[in-house]
Amino acid sequence: MRKLSRLSRFNIASLALGLAFLYLPILILVIYSFNASRLVTVWGGWSLRWYHEFFNDSAMIEAAWMSLKVAVSSATIATLLGTLAAVALSRGERFRGRTLFSGMLYAPLVMPEVISGLSLLLLFVALDAERGFWTVTIGHTTLTMCFVAVVVQSRLGSLDRSLEEAAMDLGCDPVRAFLSVTLPLIAPAIVAGWMLAFTLSLDDLVIASFTTGPGSATLPIRIYSEVRLGVKPEINAICTLVIGLIAVVIVVASLAAKLSSSRGESAAPL
């Protein structure tokens, strides 16, 4: 009992230190976003001054809106393509070129973003494509699609295929069996993949810097250009709003995943 007590205290202390290491800097950033002082490291009292500055900064608002549009678009496309790729890898174990396909799909997981961004830049230059919203979206889609495929494929691997086979035995064609049985069961993984793709796209700087063009700078690029000249308190306010947005997305996606999972489990026996 004493050993268990000591071990549990050690685990609690380790957990507390780990959480403090991860979240204490974020907490300090959020607190200092309400700082009235112009100096980042000097506390001057509570104020919403820098939030007001941000909402009056048209360049920052435009960059934030561009990041949001790119994140939603690339996450949606990546979720669709990643889910189809995961289904192909899980259901087509013996098709020719499966190893090459899976290797090319998962290459962005281990490939440095600089190489991916440079290769995309050379591709767009060779195609004489005007760099802007769609080039950034394509770049983020190639980055995030592999993450969606990994999440969905892991869920498909643990799924009981007898449910889908039972639906086909009862008269469903393969497409209808997938839409009626498999899709509701893997919906939480699809939602989790979309959420992961959204946050990765919202956070990306390297690939966006290679694929962006005039008038299509994302929020990370704008923040990076501002930080090079010195950290302003307005940056703390912007980062706090981004943290709040991601928290809302996580809560909404989690609720949607639970709702989809409950519906799928209730419909599976039928």
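Basis of the calculations
Counting from 1, residues in each chain are numbered in the order their sequence is written. Reporting in this predicted model follows two pLDDT cut-offs: at least 70 for local features of residues, and 80 or more for side-chain atom pairs to be given and counted; totals over whole chains, interfaces and linings ignore these cut-offs and use all residues. The side-chain quantities take in all heavy atoms of the structure and omit both hydrogens and water. Labels follow the DSSP assignment, with helices taken as runs of H or I lasting at least four residues and strands as runs of E lasting at least two, numbered in each case from the N terminus. Burial status follows relative accessibility: with a 1.4 Å probe on protein chains alone, a residue under 20% of its type maximum counts as buried, one over 50% as exposed, and anything between as partly exposed. Here, residues are in contact when the closest pair of their heavy atoms is within 4.5 Å. Under the convention used here, a 1.4 Å probe and the Shrake-Rupley method define accessible areas, while residue burial counts only the protein chains that appear. The term nonpolar core refers to a set of buried residues drawn from Ala, Val, Leu, Ile, Met, Phe, Trp, Tyr and Cys, joined through side-chain atoms within 4.5 Å. Centres within 6.5 Å make a pair out of two Phe, Tyr or Trp rings, where for Trp the six-membered ring is used; the pair is then stacked when the planes are under 30 degrees apart, edge-to-face when over 60, and tilted otherwise. Within this analysis, patches are made of residues with over 30% relative accessible area and no salt bridge. Like charges are joined at 9 Å or less; nonpolar side chains (Val, Leu, Ile, Met, Phe, Trp, Tyr) at 5 Å or less. Should a side-chain nitrogen of Lys or Arg be within 4 Å of a carboxyl oxygen of Asp or Glu, the pair is scored as a salt bridge. Angles run from 0 to 180 degrees between N-to-C directions of axes, and those axes are lines fitted to C-alpha atoms, restricted for helices to the stretch in contact. Oblique is the label for every angle not falling under 35 degrees (roughly parallel), over 145 degrees (roughly antiparallel), or within 65 to 115 degrees (roughly perpendicular). Here is the rule for handedness: rotate from the far helix to the near one, and if that takes an anticlockwise turn smaller than a right angle the crossing is left-handed, while a clockwise turn gives right-handed. Any residue outside Ala, Val, Leu, Ile, Met, Phe, Trp, Tyr, Cys, Pro, Asp, Glu, Lys and Arg is labelled polar, Gly included; the first ten of those are nonpolar and the last four are charged.

(A) Layout of the overall build of the protein. The secondary structure content of the protein amounts to 11 helices and 0 strands. Secondary structure elements of the protein, listed N to C terminal, follow the sequence α-α-α-α-α-α-α-α-α-α-α. Counting across all 270 residues of the protein, residues that qualify as buried make up 33%. Excluding contacts between residues fewer than 6 apart, the proportion of contacts in the protein whose partners are at least 24 apart in sequence is 71%. Of the accessible surface of the protein, which amounts to about 16200 Å², a share of 69% is contributed by carbon and sulfur atoms.

(B) Region of interest: the environment of tryptophan 50. Assignment of secondary structure puts tryptophan 50 in helix α2 (residues 49–55). Classification of tryptophan 50 as buried rests on a relative accessible area of 5%. Considered as a pair, tryptophan 50 and glutamate 234 are 184 residues apart in the sequence and their alpha carbons are 4.9 Å apart. Each residue touching tryptophan 50, except ones within four places of it in the same chain, is listed here: Ser33, Asn35, Ala36, Ser37, Arg38, Pro233, Glu234 and Ala237.

(C) Layout of the environment of glycine 244. Locating glycine 244 in the fold gives a position in helix α11 (residues 233–267). Using a relative accessible area of 31% as the deciding quantity, one classes glycine 244 as partly exposed. Residues glycine 244 and valine 30, spaced 214 residues apart in sequence, show a C-alpha to C-alpha distance of 10.0 Å.

(D) Broad picture of the nonpolar core. One finds Val152, Leu156, Leu159, Ile186 and Phe198 to be the most contacted residues of the largest nonpolar core, which totals 20 residues. Only α3 (58–91), α6 (133–157), α8 (174–203) and α11 provide two or more residues apiece to this core. At 9 residues, α8 tops the list of elements feeding residues into this core. Excluding residues that lie within four positions of it along the chain, phenylalanine 198 makes contacts with Leu68, Ala71, Val72, Ala75, Leu245 and Val249. Core analysis: the next-biggest nonpolar cluster, separate from the first, contains 7 residues, Phe54, Ala63, Leu219 and Ile235 among them.

(E) A look at the environment of isoleucine 235. Here isoleucine 235 lies in helix α11. With a relative accessible area of 6%, isoleucine 235 lands in the buried category. C-alpha separation for the pair isoleucine 235 and leucine 159, spaced 76 residues apart in sequence, amounts to 44 Å. In this view, isoleucine 235 contacts Met60, Ile223, Glu226 and Val227; residues no more than four positions away in its chain are not counted.

(F) Structural detail: the packing of aromatic side chains. For the structure shown, the criterion picks out 7 aromatic pairs. Note on tryptophan 194 and phenylalanine 198: the rings are 5.2 Å apart at their centroids and 10° apart in plane angle, and the pair reads as stacked. Within this pair, tryptophan 194 and its partner phenylalanine 198 are both found in helix α8, separated by 4 residues, close to a single helical turn. Exposure remark for tryptophan 194: the relative accessible area of 24% places this residue in the partly exposed category.

(G) Seen up close, a nonpolar patch on the surface. Nonpolar side chains collect at one region of the surface, where Leu15, Leu19, Phe21, Leu22, Tyr23, Ile26 and Ile243 lie side by side and expose about 720 Å² of accessible area between them. A per-element tally of the nonpolar patch places helix α1 (residues 2–32) first, with 6 residues. Note on placement: phenylalanine 21 falls in helix α1. Using a relative accessible area of 66% as the deciding quantity, one classes phenylalanine 21 as exposed.

(H) Broad picture of the packing of α3 against α8. Two numbers describe how α3 lies on α8: the axes approach to 8 Å, and their chain directions differ by 140°. Relative to α8, the element α3 lies oblique. Crossing geometry of α3 relative to α8 is assigned as right-handed. Contacts from Ser67, Leu68, Val70, Ala71, Val72, Ser74, Ala75, Thr76, Thr79, Thr83, Val87 and Arg91 of α3 reach α8 at Phe178, Thr182, Ile190, Gly193, Trp194, Ala197, Phe198, Ser201 and Leu202. The class makeup of the residues in the contact of α3 with α8 is 12 nonpolar, 8 polar and 1 charged.

The quantities given are spatial measurements derived from coordinates; they are silent on function.
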